[in-house]
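Fold and geometry: a report
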Amino acid sequence: NWVNGPNRQFEAAFRIIQSGEWGEYDGFYLMEGDSVPIKAHWLDVVLSEIEVNRPFAILGAQYDGDKWDNFYEKIPISLLHHTNGNAIYNTSHPLLERLVGQLEVE
């Protein structure tokens, strides 16, 4: 299953940040490797969104591109409405802890 690799990477990142080994943080921003910021000062906008939307488990967005247009009708609903990986993850939120725990079991 192709999602296994990205899921394992996410779990590892989550756990190491949660552990405090690299400093005391209660969250992190994950930017997928194929993403490219297109606006100047985009990180300032992300930081503002964090302040406005606290508390949250995951602060992100759904995929909004056009790469799926030719086969959109065939995509399962679970994939259509997933949050893309570009998001802020709150490592102290119990819901995210449960989600990561479930990923580890799978």
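Our subject is the structure listed above.
Each value, and the rule that gives it
Residues numbered from 1 in each chain as written. Predicted model: local features only at pLDDT ≥ 70, side-chain atom pairs only at ≥ 80, totals over all residues. Heavy atoms only, no water. Axes fitted to C-alpha atoms, helices over the stretch in contact; angles between N-to-C directions. Helix = DSSP H or I, 4+ residues; strand = E, 2+ residues; numbered from the N terminus. Parallel < 35°, antiparallel > 145°, perpendicular 65-115°, else oblique. Left-handed = near helix turned anticlockwise from the far one by under 90°. Contact = heavy atoms within 4.5 Å. Nonpolar A, V, L, I, M, F, W, Y, C, P; charged D, E, K, R; others polar. Expected span 1.5 Å × (residues − 1). Core = buried A, V, L, I, M, F, W, Y, C linked by side-chain atoms within 4.5 Å. Buried < 20%, exposed > 50% of the residue type's maximum accessible area, 1.4 Å probe, protein only. Phe/Tyr/Trp six-rings, centres within 6.5 Å; stacked < 30°, edge-to-face > 60°.

1. Section: the packing of helix 1 (residues 4–19) against helix 4 (residues 94–105)
- For the pair helix 1 and helix 4, the least separation of the axes is 10 Å and the interaxial angle reads 135 degrees. Taken together, the axes of helix 1 and helix 4 are oblique relative to one another. Here the hand of the crossing between helix 1 and helix 4 comes out left-handed. Contacts between helix 1 and helix 4 involve Asn 7, Arg 8, Phe 10, Glu 11, Phe 14, Arg 15 and Gln 18 from the first element and Leu 96, Glu 97, Val 100, Gly 101, Leu 103 and Glu 104 from the second.
- Among the residues forming the contact of helix 1 with helix 4, the class breakdown is 5 nonpolar, 3 polar and 5 charged.

2. Focus: helix 4
- Counted at 1.5 Å a residue, the expected span for helix 4 with its 12 residues is 16 Å, and the 17 Å between its end C-alpha atoms agrees.
- The elements touched by buried residues of helix 4 are helix 1, strand 2 (58–62) and strand 3 (83–90).

3. Things to note about the nonpolar core
- Core analysis: the largest hydrophobic core is formed by 10 residues, namely Phe 10, Phe 14, Ile 17, Phe 28, Ala 57, Ala 87, Tyr 89, Leu 96, Val 100 and Leu 103.
- Mapped onto this core, the elements with two or more residues apiece are helix 1, strand 3 and helix 4.
- Discounting residues that sit within four places of it in the chain, Phe 28 has contacts with Phe 10, Phe 14, Ile 17, Ala 87, Ile 88, Tyr 89 and Thr 91.
- Judged by nonpolar contacts, the second largest core, of 5 residues, contains Val 46, Phe 56, Leu 59 and Ile 88.

4. Some points on the packing of aromatic side chains
- Tallying each qualifying case throughout the model produces 5 aromatic pairs.
- Look at Phe 10 and Tyr 89: their rings are 4.8 Å apart centre to centre, the planes differ by 65 degrees, and that puts the pair in the edge-to-face class. With Phe 10 in helix 1 and Tyr 89 in strand 3, the pair connects residues that are 79 residues apart, well separated along the chain.
- For Phe 10, a relative accessible area of 11% corresponds to the buried category.
- An aromatic cluster is present here, built from Phe 10, Phe 14, Phe 28 and Tyr 89 joined pairwise through their rings.

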